[in-house]
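Topology and contacts: notes
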Amino acid sequence: MSTPPTSDVDLFADDVVLDPYPVFAGLREQGPVVHLPRNDVYALTRYDVVRDALADVESFSSTSIAFNPMANEALTGTSLASDPPVHTQLRATLTENLSPRALRGLKGQIAEKADALVADLVTKGSFEAIDALARAFPLEVVADLIGFTGEVRANMLRWGQAAMEVLGPLNQRTAENFPVAGELYAWCSQVKAEDLAEGSVGRGIFDAEARGAIPQGTAGHIIHQYLGAGVDTTIAAIGNIVALFARHPDQLALVRQDPALVPAAFNEVLRYWAPVHAWGRRVTKDVTVADAEIPAGAQVAVLFGAGNRDPRHYENPDAFLVERNPADHLSFGYGPHGCAGQGLARLEAHAVIDALARRVGRLVTGPEVRVPSNTTRSIDELPVLEVIPA
């Protein structure tokens, strides 16, 4: 057994969160576990150790998914930040409305919305891809699904972004976003069934609470997760789809020639650019990972993007190849805490990829603008200067 190597990298420095892949490569070569004193974390850097840690919920607790104590305290009682058996019960209600069977009825509607939106943008010939597509589409889908109306609909983007920012360490980004995340928390703690549209998933969660399927007072927590965890990450993924297909028109052409590649293309987008930068766990006891010891109580940083580019697992990992189909990528997590909303995210992203592949021959884009962010790595602005139709 050995002590893990140490690095003076600051995982949350602006230049690292904007483009983490060179840093991830360096950490991965140092070892599967690297101690980062500047963040007081042990970073998991390679595919196998990330996957194994996510599967081991007894040793790697989710009660510390954030990198500051205030956010972890605020998340107490949510399925995101709980361990079995509490997690199991909360998760069942969260996923009841997100199962393949439950989502089947939405597939056609989501595909129609995506196609109409992309068709309109192609007709315009130039547009701002993040505002007009990556944000507009998932915000509408999630708002309709949960039954958000009025002021909540208007605040979804701000609230969703802030909910992810406050998971970071106690830096300036976290401090600035606590008040906005607090607005979301306050709304979710007093929301009632009648605040949500009839027939919506949100109403269904309150019905589950009323019949005792979930503990009293947890419906708001579950709605918090739909908005807090599901919006910003999907916006990031859809922005990445547009940017990567603009950069790699040959890969878009492959999907156009073979529409069956749509799911594989989305898997590769998620593998190549993980929407989540770092995610927390706390070890409950001394844990040995690949011969390196992590001491009991230590905070762990799970680096999905580092694992997704591990050459020990993926051949030529720094190439974007839609035919690769890395269905085992780590961007949705793994194990009992694997992303509860991944079915919905796939429906949305597959619909966008399908519409782009059918309607677009090539996208000419201006420079991507990225803004440093603690948790979600996304594009903030992406001008599409010209659409060459299919």
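Residues numbered from 1 in each chain as written. Predicted model: local features only at pLDDT ≥ 70, side-chain atom pairs only at ≥ 80, totals over all residues. Heavy atoms only, no water.

Within the largest apolar cluster, 130 residues are counted, with the highest numbers of intra-cluster contacts made by Leu44 and Phe148. Counting residues per element, this core draws most heavily on helix α11 (residues 219–247), which supplies 15 residues. Beyond its immediate chain neighbours, meaning those up to four positions away, phenylalanine 148 contacts Ala143, Arg153, Met156, Trp187, Leu196, Ile223 and Leu227. (Core = buried A, V, L, I, M, F, W, Y, C linked by side-chain atoms within 4.5 Å. Buried < 20%, exposed > 50% of the residue type's maximum accessible area, 1.4 Å probe, protein only. Helix = DSSP H or I, 4+ residues; strand = E, 2+ residues; numbered from the N terminus. Contact = heavy atoms within 4.5 Å.)

What follows concerns the pairing of strand β10 (residues 383–389). Alignment of strand β4 (residues 127–128) against β10, held across 2 bridges, turns out to be antiparallel. Pairing of glutamate 128 across the sheet is with proline 383, part of β10. Across 5 bridges, strand β9 (residues 360–365) lies against β10 in antiparallel orientation. Following the sheet pairing, valine 364 is matched in β10 by glutamate 386. (Pairing = 2+ DSSP bridges.)

Moving on, we come to the environment of isoleucine 205. Summarising the element assignment, isoleucine 205 is placed in helix α10 (residues 201–210). As a C-alpha pair, isoleucine 205 and threonine 93 span 112 residues in sequence and 7.1 Å in three-dimensional space. The residues contacting isoleucine 205, other than those within four sequence positions of it, are Asn97, Ile214, Ala219, Ile222, Ile223 and Tyr226.

With that settled, the discussion passes to the layout of surface pockets. Vacant regions in the atomic arrangement are exposed by a probe of water-molecule size rolled over the atoms. Roughly 410 Å³ of volume is contained in the largest pocket. Lining the largest pocket are 29 residues, with Ala74, Leu75, Tyr185, His221 and His224 sitting closest to its centre. A per-class count over the lining of the largest pocket returns 19 nonpolar, 9 polar and 1 charged. (1 Å grid on protein atoms, 1.4 Å probe; cavity = no way out; pocket = protein on both sides within 12 Å on 5 of 7 lines; lining within 4 Å. Points joined across faces, edges and corners; volume = space filled by probe spheres on them. Nonpolar A, V, L, I, M, F, W, Y, C, P; charged D, E, K, R; others polar.)

So, on to the environment of alanine 81. Relative to the elements of secondary structure, alanine 81 occurs in the loop between α4 (69–74) and α5 (86–96). In this structure, the C-alpha to C-alpha distance between alanine 81 and phenylalanine 304, residues 223 residues apart in sequence, is 18 Å. Ignoring any residue separated from it by four or fewer positions in sequence, one finds alanine 81 in contact with Ser62, Thr63, Ile65 and Leu75.

The next point concerns unusual backbone geometry. A cis geometry characterises the amide bond from proline 84 onward to proline 85, with omega recorded as 5°. Residue placement: proline 85 occurs in the loop between α4 and α5.

What follows covers the sheet that holds strand β1 (residues 33–36). The mixed open sheet is built from 5 strands, whose spatial order is β1-β2-β8-β5-β3. Unpaired on one side and paired on the other, β1 and β3 (60–61) mark the two borders of the sheet. The pairing of β3 with strand β5 (residues 279–283) spans 2 bridges and is classified as antiparallel. From the neighbouring strand, phenylalanine 60 faces β5, where its bridge partner is valine 283.

Let us look at the side chain of asparagine 374. Position of asparagine 374 among the secondary structure elements: in the loop between β9 and β10. Here arginine 173 takes part through its side chain, which lies 3.0 Å from a polar atom of the side chain of asparagine 374. A polar side-chain atom of asparagine 374 sits 2.9 Å from a polar atom in the side chain of threonine 174. (Polar contact = N/O pair within 3.5 Å; in protein donor to acceptor, adjacent residues only side chain to side chain.)

Read these as spatial facts, not as claims about activity.
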